[in-house]
Amino acid sequence: MKMIVGLGNPGPRYAGNRHNIGFQCIDLFAARNSINLPRMQMKARVGDGWIQQRTIPLPAIDAAPAQRQKVILVKPLTYMNLSGQAVGSLVRYYSIDLDDIIVVHDDLDLDAGILRLRRNGGSGGQNGIKSLIQHLGSPDFHRARVGIGRPHGRMDAAAYVLQDFSSAEEDIFGPLRQTIVDALAYWLFSGIDAAMNRYNG
């Protein structure tokens, strides 16, 4: 089983925030693949299901035509800065290898609308990732970094990430969320290196 984690803050107040791009992508991935997240487990909203390779809208994936993959979707409900509490507990409960985890999160250091898949690395100042590294005991899990850019002027970064995407930004991030979900599905069957080659261009 592989695990896809989306980072964000729980509750309707935060649903449309830039900081919640991870939650937004998990919801879209779940809807596209008819997976519900009905369970409250280890301080997270959790659901699982089987993904059929043929449902991936991409050509020439090097695998058997009927291949399928079990996946667990996770939205930590601890608030962003404590995300590792939930994810660490779930990873240990399900005995998932770190190489079978990918985390979707916002990134201030990437220009808005840029997707960068990454094999591992430091937190880059992202507190949710920092918490995951602490509770997993390692930085060796995969990431889907979603660029949201930095605020203009003197706006505080913490206030900026807790703003909703503007209507103009939605023209970029609406299609980008679809691309991220494609990339996650591609990762499931082809691995991080192939996904990086395809989506980091």
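The text that follows walks through the structure, step by step, so that each part is easy to find. (Residues numbered from 1 in each chain as written. Predicted model: local features only at pLDDT ≥ 70, side-chain atom pairs only at ≥ 80, totals over all residues. Heavy atoms only, no water.)

Re the packing of helix α1 (residues 21-32) against helix α5 (residues 167-199)
For the record, the criterion: Lines fitted to C-alpha atoms define the axes, with helix axes restricted to the stretch in contact, and inter-axis angles between N-to-C directions lie between 0 and 180 degrees. Helix and strand definitions here come from DSSP, where helices need a minimum of 4 consecutive H or I residues and strands a minimum of 2 consecutive E residues; each element is numbered from the N-terminal end. The scheme is simple: roughly parallel for angles under 35 degrees, roughly antiparallel for over 145, roughly perpendicular for 65 to 115, oblique for anything else. Two helices cross in a left-handed way if the nearer one is turned anticlockwise from the farther one by less than a right angle. They cross in a right-handed way if the turn is clockwise. Any two residues whose heavy atoms approach within 4.5 Å at even a single point are treated as in contact. The classification used treats Ala, Val, Leu, Ile, Met, Phe, Trp, Tyr, Cys and Pro as nonpolar, Asp, Glu, Lys and Arg as charged, and all other residues, Gly among them, as polar.
Taken N-terminus to C-terminus, the directions of α1 and α5 make an angle of 65°; their axes are 9 Å apart at the nearest point. In terms of axis orientation, α1 runs roughly perpendicular to α5. The interaxial crossing formed by α1 with α5 has right-handed handedness. In this structure, α1 uses I21, Q24, C25, L28, F29 and R32 to contact α5, whose residues at the interface are F173, R177, Q178, I180, V181, D182, L184, A185 and L188. For the contact of α1 with α5, the residue count by class is ten nonpolar, two polar and three charged.

Some points on the pairing of strand β1 (residues 2-6)
Inclusion rule: Only protein chains enter the accessibility calculation, which uses a 1.4 Å probe. A residue is then buried if its area is under 20% of the maximum for its type, exposed if over 50%, and partly exposed in between. Think of it this way: DSSP has to see at least two bridges between two strands before they count as a pair.
With five of five residues buried, β1 lies mostly within the body of the structure. Residues K2, I4 and G6 of β1 are buried on one face, and the alternating residues M3 and V5, pointing to the opposite face, are buried as well. Examined bridge by bridge, β1 and strand β4 (residues 68-76) share four bridges and lie parallel to one another. The partner of M3 across the bridge, within β4, is I72. Here four bridges tie β1 to strand β5 (residues 101-107), and the two strands are oriented parallel to one another. Bridge pairing in β5 places M3 opposite I101.

Observations concerning unusual backbone geometry
Positive phi, normally seen in glycine, also occurs at K43, with a value near 65°. Structurally, the position occupied by K43 is in the loop between β2 (39-41) and β3 (44-52). Owing to a relative accessible area of 53%, K43 belongs among the exposed residues under this scheme. Residues other than glycine seldom take positive phi values, yet Y79 does so here, at roughly 75°. Tracing the sequence through the fold places Y79 in the loop between β4 and α2 (83-94).

What to know about the packing of aromatic side chains
Using the following cut-off: Pairing of aromatic side chains requires ring centres within 6.5 Å, counting the rings of Phe and Tyr and the six-membered ring of Trp. Pairs whose planes differ by under 30 degrees are stacked, by over 60 edge-to-face, and all others tilted.
As enumerated under the stated definition, the model contains four aromatic pairs in all. Geometrically, the ring pair formed by Y14 and Y79 is edge-to-face, given 6.0 Å between the ring centres and 85° between the ring planes. Taken as a pair, Y14 in the loop between β1 and α1 and Y79 in the loop between β4 and α2 lie far apart in primary sequence, 65 residues in all. When its relative accessible area of 43% is taken as the criterion, Y79 is described as partly exposed. With a centroid separation of 6.1 Å and 70° between ring planes, the pair formed by Y186 and Y199 is classed as edge-to-face. Here Y186 matches Y199 in class, with each residue buried.

Here we look at the pairing of strand β7 (residues 142-147)
Burial of β7 is extensive: six of the six residues sit out of reach of the surface. Of the two faces of β7, both are covered, the one formed by H142, A144 and V146 as well as the one formed by R143, R145 and G147. Sheet topology places β5 next to β7; six bridges connect them, and they run parallel. In the sheet register, D107 faces β7, and the bridge partner there is G147.

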